[in-house]
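# Overview (structure and organization)
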Amino acid sequence: MGGRGTWRIYLGAAPGVGKTYAMLNEGRRRAERGTDVVVGFAETHGRSRTAEQLGGLEVVPPRRTSHGGTWSAEMDVDAVLARRPEVALVDELAHANGPGCRNARRWEDIEELLQAGIDVVSTLNIQHLASLNDVVESITGVRHGETVPDAVVRRADQIELVDMTAEALRRRLAHGNVHAADQAGDAPPGYFRTGNLNALRELALLWVADRVDEGLARYRDQHGITEPWEARERIVVALSGGPEGDALIRRAARMGARAGRADLLAVRVVRSDGLAEGSPAATARQRALVESIDGTFHQVVGDDVAVALVEFARAVDATQLVLGSGRRAGRRRLSGGGVEAAVTREPSGFDVHIVAHEHAGDGRGAVRRSGSALSRRRRGAGWALAVAGPPLLTALLAGTGLQFGLVTDILFYLALTVGVALAGGLWPAVAAAVLGSLLANWFFTPPFHTLTIAGRDNAIALAIFIGVAAAVASVVDLAARRSRQAARSGAEAETLSMLATSVLRGEKALPALLERVRETFGVSSVALLERTGDGWRTLGSTGPEPCSDPDEADVRAAVAPERGGETVLALRGRVLPAADRRVLSAFASQAAAALEWRRLAEEAAGARRLAEGNRIRTALLAAVSHDLRTPLASIKAGVSSLRQTDVDWDPEDEAELLATIEESADKLDGLIGNLLDMSRLQTGAVSPLTQPVPVEQVVPPALQGVPAGRVEVDVPETLPPVLADPGLLERALANVVENAVRHSTGAVTLSACALRGGLPREEVEIRVADRGPGVPEAAREQIFAPFQRLGDSPRGDGVGLGLAVARGFTEAMGGTLQAEDTPGGGLTMVFTLPAGAAGDSASRDEGRRPL
């Protein structure tokens, strides 16, 4: 056996997806083909199907090590090297070896086997990759001490993903196929939540996809391939705000559907002055259409539409660009084509599709260039013509030898001046007129080659020429300015119309408004700032590096100053001309409306929460009233028995009756107290007394009515307190534990852990797991309804109120109570409450007794 061995890794997102099973199955397959395969180390974790795969494979006996009185099994590297198989199966790549082993990590053992020429098949979970260890901790709240460097894993010849959906893994967990029933508690509480598993699965898929991209890049580099490979279609459709956009979007969507998996991106280019062009209603409709077919809508700024489109398509790695055929067909044929022709002339690595539509050539431009009449390019062309035109015309008239006469020559110069005025406006035309008059005087007015004018008629003709040229240039310039103002006013009206009809919608109104401001005025960032007592507070922002203080802004606009307070829109990126301030003021007014809308939405949400709370409390009040009958009946029966004169009670019976009366009276007192507090809650007189409460202080009183030994408690000492009402939490826990004990065939487990990953604030999760028959997923919400028991069975005590009370109290404290499967069988009730600290504020009612 010579050279380095090959290495295959089976990568999974979480324990239980089948990595070890796949590794052993691969070993069996190779052994059946005649390959010499041994199992260097395999951990079955008590899974029967995994253990079955070991049958028929040679297993190298593990090496036993001791640390602190605890024995552990490790791979015997020397024994595997001495055996020298063709293939060694080695489980748990990131495992840390015990004391006395030659290498600290199992991946170092595997490196020795590879150096010896032995092929290795091993397994790894995504959470053990060093680069992702902190990411996994932020998701699950669990840090894994055993990690392996990414560079080591990248050296593997093959990395194969063992994938399984979160729902399938949770079913395996519930059936005991991941952990044995007595080992189910080994996993951290909440680790196998659906959200955690989906996030871990996404990490694994993305990491493997990156490795595939790296391999593809190496292959292309080795073979000198520079052209883009269309491994995934990404179609960009260019919109102009015209009516043809709907057809273009649908055409691009059909192209994407034929290509299989394809991304659809719609892009609209606006000028750098930011004023919207095209129909606002059409743009809003097309944005909604794109989003309805799972595409994305983008708006970019650029004066050259073709260049902006090409740059955007390159930036998103587009494979195809869809354009509509121009709507100014005749004029664009004379000018060398429109946007579509310019795009095709730009060098690119994607295909360009020009789609014909019913609006092509109808004479209405897809993009109205409101500022093109006196644009910088036009003025530059006018000055160039003013400087070069008169000399060229003079050379042409003088070189032909034709004698037209002074009046005809002046008419030629006048025509040239009018052309300069049309191209560049007033001042280039004046310059052309002056230069033309001097040349006409020098070359065509006697005495020739002097600036002296001999005839009165010639002097009058030159004077009239200069006057007419100046007048024509003024009229042309004024018309151009009026046209620009009209176009700008139309653009402003369209922008304001779009603002009024398409921005303020849904709960994202303020972010959408700020993004519209950024796109409309072509600035880099926009922030909405409000003055507070000690500075400025950001109410919303968009774009990179938004302002945190109005003094940092290039442009600022007051938002509804008549309402009091001080709120401003702060724009960064460029200084706006005065003409744009009117539109910006309209945006500022809409921002004030958006803030008011958000305030009203928050109040409405609060009212909904209040109504929901009142509904729950009303139901609870009606339900608790039924619990009054049991203690009242017990008290009445006990008192009636003691008052019987014809019965001679012995001391033990009398003591038992008195104890029953006392116990029932205590229950009745507690129920009446809760009823009074609930009625106060229902009328809004008080709120739950939320305060930082250590879980370990609430658990013992909640378990007072539970038989000893029926509940196993696992609450870490380092667990942060929860923000809750102590009485409400105690009652909720007691009801859930009582329900679990009633239905469980074994011990009930009460555990707690802190959740940190990716949450707005830290939360605490309390889990009560039983070993009962469980509840089907479709029926889990029904068990929280008042008067509901599993299957609506009349057996047992109570009226089916405990879980309804528990959920109502938990939600009143700002938490949640959900039901899920217990690994190995049964039902787990999960309380999720915000973590509290000593400085947390609490809602208090000094005269209220805690529930």
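For the structure itself, look to the data block above.
What this report covers is the structure whose coordinates are included nearby. (Residues numbered from 1 in each chain as written. Predicted model: local features only at pLDDT ≥ 70, side-chain atom pairs only at ≥ 80, totals over all residues. Heavy atoms only, no water.)

## Examining the overall build of the chain
For the chain, the count of helices and strands is 24 helices and 24 strands. Across the 851 residues of the chain, 44% fall into the buried class. Excluding contacts between residues fewer than 6 apart, the proportion of contacts in the chain whose partners are at least 24 apart in sequence is 71%. Surface summary for the chain: the accessible area is close to 42,400 Å², and the carbon and sulfur share equals 54%. (Helix = DSSP H or I, 4+ residues; strand = E, 2+ residues; numbered from the N terminus. Buried < 20%, exposed > 50% of the residue type's maximum accessible area, 1.4 Å probe, protein only. Contact = heavy atoms within 4.5 Å. Areas by Shrake-Rupley, 256 points an atom, 1.4 Å probe, with all protein chains shown as cover.)

## Details of unusual backbone geometry
Unlike most non-glycine residues, R84 shows phi in positive territory, near 50 degrees. Along the chain, R84 turns up in the loop between helix 3 (77-83) and strand 6 (87-90). Although it is not a glycine, E92 adopts a positive phi angle of roughly 55 degrees. Along the chain, E92 turns up in the loop between strand 6 and helix 4 (106-115). What makes E92 partly exposed here is its relative accessible area of 26%.

## Quick look at the packing of helix 15 (residues 406-424) against helix 16 (residues 426-444)
Where helix 15 contacts helix 16, the axes come no closer than 8 Å and their chain directions differ by 160 degrees. The pairing of helix 15 with helix 16 is recorded here as roughly antiparallel in orientation. In terms of crossing hand, the pair formed by helix 15 and helix 16 is right-handed. In contact with L406, D409, Y413, T417, V420, A421 and G424 of helix 15, helix 16 contributes L426, P428, A429, A432, A433, G436, L439, A440 and F444. (Axes fitted to C-alpha atoms, helices over the stretch in contact; angles between N-to-C directions. Parallel < 35°, antiparallel > 145°, perpendicular 65-115°, else oblique. Left-handed = near helix turned anticlockwise from the far one by under 90°.)

## Topic: the pairing of strand 17 (residues 567-572)
For strand 17, a buried count of five out of six residues is recorded, marking the element as mostly surrounded by other parts of the structure. As judged from the six bridges shared by strand 14 (residues 525-532) and strand 17, these two strands associate in the antiparallel manner. What sits directly across from A527, in strand 17, is A570. Two strands pair when backbone bridges link them, and strand 16 (residues 555-558) and strand 17 are joined in this way by four bridges, in the antiparallel orientation. Its bridge partner being in strand 17, A558 is matched across the sheet by V568. (Pairing = 2+ DSSP bridges.)

## Here's the deal with the sheet that holds strand 3 (residues 58-59)
Read from one edge to the other, the open sheet built from six strands follows the order 3-2-6-7-1-8, with strand pairing classed as parallel. The open sheet is flanked by strand 3 and strand 8 (158-162), the only strands paired with a single partner.

## What to know about the pattern of salt bridges
When their charged atoms lie close together, side chains carrying opposite charge are able to pair. What the rule picks out here adds up to 25 salt bridges. Note that E160 is salt-bridged to R8, the shortest N-O span being 3.8 Å. In this pair, E160 is assigned in strand 8 and R8 in strand 1 (residues 7-12), connecting sequence segments 152 residues apart. Among the residues examined, R8 registers a relative accessible area of 13% and is labelled buried. Between R767 and E820 there is a salt bridge whose closest N-O contact spans 2.3 Å. One end of the pair, R767, is in strand 22 (residues 763-769); the other, E820, is in strand 23 (residues 816-821), with 53 residues separating them in the sequence. Of the two residues, R767 and E820, neither departs from the other in class, the shared state being buried. (Salt bridge = Lys/Arg side-chain N within 4 Å of Asp/Glu carboxyl O.)

## Re the packing of helix 22 (residues 695-702) against helix 23 (residues 726-743)
Close contact between helix 22 and helix 23 brings their axes to 9 Å; oriented N to C, the two are set at 55 degrees. Considering their axes alone, helix 22 and helix 23 lie oblique with respect to each other. Seen from above, helix 22 lies across helix 23 with right-handed handedness. Contacts from V698, P701 and A702 of helix 22 reach helix 23 at P726, L729, E730, L733 and A734. Residues of the contact of helix 22 with helix 23, tallied by class, amount to seven nonpolar, no polar and one charged. (Nonpolar A, V, L, I, M, F, W, Y, C, P; charged D, E, K, R; others polar.)

## Some thoughts on a nonpolar patch on the surface
A cluster of nonpolar side chains, namely W383, V387 and W427, defines an oily patch on the protein surface of about 380 Å² accessible area. Within the secondary structure layout, W383 lies in helix 14 (residues 376-400). For W383, a relative accessible area of 41% translates into the label partly exposed. (Patch = residues over 30% accessible without salt bridge, like charges linked within 9 Å, V, L, I, M, F, W, Y side chains within 5 Å.)

## A few points about the pairing of strand 23
Where strand 23 meets strand 24 (residues 827-834), six bridges bridge the pair, whose relative direction is antiparallel. By the bridge assignment for strand 24, Q818 is matched with V830. The turn linking strand 23 back onto strand 24 is made up of five residues, and G824 within it adopts a positive phi angle of 90 degrees.

## Details of a negative patch on the surface
Side chains of D648, D650, E652, D653, E654 and E656 sit close together on the surface and give a patch of like negative charge. Within the secondary structure, D653 sits in helix 21 (residues 651-682). By relative accessible area, which is 31% here, D653 ends up partly exposed. (Lys, Arg positive; Asp, Glu negative; His and termini not counted. Charge placed at Lys NZ, Arg CZ, Asp CG, Glu CD.)

## Observations regarding the packing of aromatic side chains
As enumerated under the stated definition, the model contains zero aromatic pairs in all. Here the guanidinium or amino end of R807 rests over the ring plane of F784, the centre of that ring lying 3.8 Å away. (Phe/Tyr/Trp six-rings, centres within 6.5 Å; stacked < 30°, edge-to-face > 60°. Lys NZ or Arg CZ within 6 Å of the ring centre and 35° of its normal.)

## Quick word on the environment of V523
Counting through the fold element by element, V523 comes out in the loop between helix 18 (509-521) and strand 14. Residue class for V523 comes out buried when judged on its relative accessible area of 4%. Separated by 52 residues in sequence, V523 and V575 place their C-alpha atoms 8.8 Å apart. Excluding residues within four positions of it along the chain, V523 makes contact with V517, R518, L571, R572 and R574.

## With respect to the nonpolar core
Judged by nonpolar contacts, the single largest core of 56 residues is most densely connected at W7, L89, L113 and L124. The greatest single-element share of this core, amounting to six residues, is contributed by helix 8 (residues 194-222). Setting aside residues no more than four positions away along its own chain, L124 makes contact with I9, Y10, L11, G12, K19, L93, A94, L129, V148 and V153. With 43 residues, the next largest nonpolar core counts L750, A752, M813 and F831 among its residues. (Core = buried A, V, L, I, M, F, W, Y, C linked by side-chain atoms within 4.5 Å.)

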